[in-house]
Amino acid sequence: MPAENAPVAGNLDDDDYPAYTMGRAADVLGTTPAFLRAVGETELIAPLRSGGGHRRYSRRQLRAAARARELVDQGTPVEAACRIVSLEDQLDDALRLSRELRRKLDEDGANI
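Procedures and definitions
- For every chain, the first residue of the written sequence is number 1, and numbering continues from 1 along that sequence.
- Restriction of local features to residues with pLDDT of at least 70 applies here, the model being predicted, together with a cutoff of 80 or more for giving and counting side-chain atom pairs; totals for whole chains, interfaces and linings are based on all residues.
- Hydrogens and waters are ignored; side-chain quantities use all the structure's heavy atoms.
- The cut-offs for exposure are 20% and 50% of the maximum accessible area for each residue type, with area from a 1.4 Å probe on protein chains only; residues under the lower value are buried, those over the upper are exposed, and the others partly exposed.
- Strands are runs of DSSP state E lasting at least two residues, helices are runs of H or I lasting at least four, and both sets are numbered from the N terminus onward.
- The arc refers to the directions leading from the helix axis to the C-beta atoms.
- When checking whether two residues touch, look at their non-hydrogen atoms; a contact exists if any pair is within 4.5 Å.
- Only strands that DSSP links by at least two bridges are regarded as paired with each other.

Describe helix α1 (residues 22-29), listing the residues and the values that go with them.
The set of residues buried in α1 consists of M22, A25, A26 and L29. In a view along the axis of α1, the buried residues occupy a sector of 100°, so they form one face of it. In this structure, the buried residues of α1 make contact with β1 (20-21), α2 (33-41), β3 (55-57) and α3 (59-73).

The structure is reproduced here in structure tokens:
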């Protein structure tokens, strides 16, 4: 079921549910809508569009944008900050997969 047609009450705990308007997301992050647009242009986040074409953000996207903002506040250009956040996410995924594979190998080794 597309997010725009899903019942809202069942999605409140979903980190990927696009619950935040651009204005509210900017308020939560303490930034401007222009910053969110810039982060979107780097493709770090891709907000869902409402039926009227308005950007909607999820909590997961806000966390990524908040991390990018931390780096920008430290003097990193927005494009570089977004690339760093993307690479951090990829590294986290690779480490998680590695742990899962090691655990699986350990379990399989115990069964031999």
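Tell me about the sheet that holds β1, and please be specific about residues and values.
With antiparallel pairing, 3 strands are arranged side by side in an open sheet as β1-β3-β2. Whereas interior strands pair on both sides, the edge strands pair on one side only; in this sheet they are β1 and β2 (48-49). The pairing of β2 with β3 spans 2 bridges and is antiparallel. Looking at β3, one finds that R49 is bridged to R55.

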